[in-house]
Amino acid sequence: MKGSSRHRLDQRAFMEQMRECRDKGYLLSLKQIGSGTFSKVYLACATHERIQHNLKLSSDLQGKRHTIVAIKIVSMAKAPMEFSRKFLPREISSLNATYKHLRCPKTAETYQNNQRSYLVLELVARGDLLEHINTVSDLRCCLGLEEEEARRLFWQLVSAMVHCHSAGIVHRDLKCENILLDDRGLLKLTGPHFCSWPDPGHQPSQEAYLLPPKHSTSPHYPSGPKQPPEPLSLHPAPPSPSSCTSLPRLRLCQLYWIEETLLSTLECQDLIRGLLQPHPHARLDLQQVAAHRWMLPATHV
Ligand SMILES: Nc1ncnc2c1ncn2[C@@H]1O[C@H](COP(=O)(O)OP(=O)(O)OP(=O)(O)O)[C@@H](O)[C@H]1O
């Protein structure tokens, strides 16, 4: 398709989205604040009528000096059937299940038609953790956050994860881009790949590790040390010398990671080593992470 025709189509789609949002009581702005594989996230303003009629929305906006929300628009035309039938409903029910937790963005409501799904979310204004780390690294002329700040954020992340697990939800796509910061610098955990496992308190089944096809390799987090090795045994990759899938290779990556963090304290290195254990029984679980000695100063705050 020619560039000008595509542009016209995009414009028409955007106008439709504006109309559909307005009908629901939201004024969609042109400002796009993020995007995913099948989605775009825009700033929007909730109308007074909508706020009055939606209790969740009015409580989310209480105490804030604005009525701005983030609207995530998922294109049904772009998403495969499996995504819209299975993974999107899971994402929505997981967002609803984590609604009450301070460290998860609140979902005021969702609505859909044949073309699109709309998720009206609490605005988490300061962008994602990756952007923050890059900005801070530039300012400090040194890679990474100060250890104190890393500890503070990591503690909040652990608290969010404990909440997800107690609600029977396993995240499956933990990465800096899914960790957002609000205007007070507090962390909110987002990410569409939440999946419920049947009974809260049960261990996640192997199925819980299976990502939807679009995410079988999250672009910057390919199978390797940044995700648990269990899924690798479910999706054996064809052998190749550069493959990250063998345990010796994982060990190498692990050593490389620990070396990368040599500037941090011994306690921090010990925690990272515990998190990167390829064998699930040797790996620290959430309770052990929360009780790790590196975390202690954060628990007193
Ligand atoms: N509540 C929010 N407030 C502010 N920005 C947000 C919010 N939700 C999402 N974003 C922004 O939009 C981006 C994409 O959102 P999200 O990760 O939910 O989309 P996705 O479709 O799951 O992405 P992918 O397909 O890449 O996994 C996020 O990285 C973030 O920058």
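The protein chain is annotated in an unreviewed UniProt entry as non-specific serine/threonine protein kinase from Loxodonta africana.

Asker: Where do I start with the overall build of the protein chain in this structure?
Answerer: Helix and strand counts for the protein chain come out as eleven helices and nine strands. Taken over 301 residues, the protein chain has a buried fraction of 43%. By element, 57% of the accessible surface of the protein chain is carried by carbon and sulfur atoms, the whole surface being about 17,300 Å².

Asker: Looking at this structure, how should I read helix H4 (residues 81-97)?
Answerer: In a regular helix each residue adds 1.5 Å, so 17 residues correspond to 24 Å; H4 covers 24 Å between its end C-alpha atoms and thus fits that length. Of all the bends in H4, the greatest reaches close to 35° and is centred on Phe87; the proline Pro89 follows between one and four positions later. Within H4 the residues assigned to the buried category are Phe83, Phe87, Leu88, Arg90, Glu91, Ile92, Ser94 and Leu95.

Asker: What exactly am I supposed to notice about the side chain of Asp182 here?
Answerer: Residue position: Asp182 is located in the loop between strand S7 (179-181) and strand S8 (187-189). Taking the relative accessible area as the measure of exposure, Asp182 reaches 9% and is therefore buried. Separated by 2.8 Å, the side chain of Asp182 and the backbone nitrogen of Arg184 make a polar contact. In this view, Asp182 contacts Val124, Ala125, Arg126 and Lys188; residues no more than four positions away in its chain are not counted.

Asker: Help me out: how do you make sense of the pairing of strand S1 (residues 26-35) in this one?
Answerer: Within a regular strand, the side chains alternate between the two sheet faces. Relative to strand S2 (residues 39-46), S1 runs antiparallel, the two being bridged by six bridges. Note that in S2 the partner of Leu28 across the bridge is Ala44. Hairpin connection from S1 to S2: three residues lie between these consecutive antiparallel strands.

Asker: Is there a simple way to think about the sheet that holds strand S4 (residues 107-112) in this case?
Answerer: Backbone hydrogen bonds are what pair the strands of a sheet, in a parallel or an antiparallel way. Strand order in the open sheet formed by five strands is S1-S2-S3-S5-S4, and the pairing between neighbours is antiparallel. Two strands close off the open sheet at either side, each with one partner strand: S1 and S4. Ignoring which end each strand starts from, the neighbouring axes of this sheet average 25° apart. Sheet topology places strand S3 (residues 68-75) next to strand S5 (residues 116-122); seven bridges connect them, and they run antiparallel. In the strand pairing of S5, Val74 is matched with Ser117. Where H4 meets the sheet, its contacts fall on S3, S4 and S5, and the angle it forms with S5 comes to roughly 20°.

Asker: Would you mind going over the nonpolar core with me for this structure?
Answerer: Within soluble globular proteins, side chains that are nonpolar generally end up buried alongside one another. Leu153, Leu157, Ile179, Leu187 and Leu189 are the most contacted members of the largest nonpolar core, which has 22 residues in total. Breaking this core down by element, the ones donating at least two residues are helix H5 (129-140), helix H6 (147-166), S7, S8, helix H9 (266-275) and helix H10 (286-291). Among the elements that take part in this core, H6 stands out by supplying six residues, more than any other. In contact with Leu187, other than residues within four places in its own chain, are Leu102, Arg103, Leu153, Gln156, Leu157, Ile179, Leu180 and Leu181.

Asker: So what exactly am I meant to see when it comes to the side chain of Gln17 here?
Answerer: Looking at where Gln17 falls in the secondary structure, it is placed in helix H1 (residues 3-24). Other than its neighbours up to four places away in sequence, Gln17 contacts Leu28, Tyr42, Ile73, Arg116 and Tyr118.

Asker: Can you walk me through H1 in this structure?
Answerer: The end-to-end C-alpha distance of H1 is 32 Å, a good match for the 32 Å that 22 residues give at a rise of 1.5 Å each. Within H1, burial applies to Phe14, Gln17, Glu20 and Cys21. Taken end-on, H1 shows its buried residues confined to a sector of 125°, consistent with a single buried face. Turned more than 90 degrees away from the buried face of H1, the exposed residues are Arg8, Arg12, Met15, Arg22 and Asp23.

Rules and cut-offs
- Residues numbered from 1 in each chain as written.
- Predicted model: local features only at pLDDT ≥ 70, side-chain atom pairs only at ≥ 80, totals over all residues.
- Heavy atoms only, no water.
- Helix = DSSP H or I, 4+ residues; strand = E, 2+ residues; numbered from the N terminus.
- Buried < 20%, exposed > 50% of the residue type's maximum accessible area, 1.4 Å probe, protein only.
- Areas by Shrake-Rupley, 256 points an atom, 1.4 Å probe, with all protein chains shown as cover.
- Expected span 1.5 Å × (residues − 1).
- Bend = angle between axes of the 7 residues up to and from the residue.
- Polar contact = N/O pair within 3.5 Å; in protein donor to acceptor, adjacent residues only side chain to side chain.
- Contact = heavy atoms within 4.5 Å.
- Pairing = 2+ DSSP bridges.
- Axes fitted to C-alpha atoms, helices over the stretch in contact; angles between N-to-C directions.
- Core = buried A, V, L, I, M, F, W, Y, C linked by side-chain atoms within 4.5 Å.
- Arc of directions from axis to C-beta.

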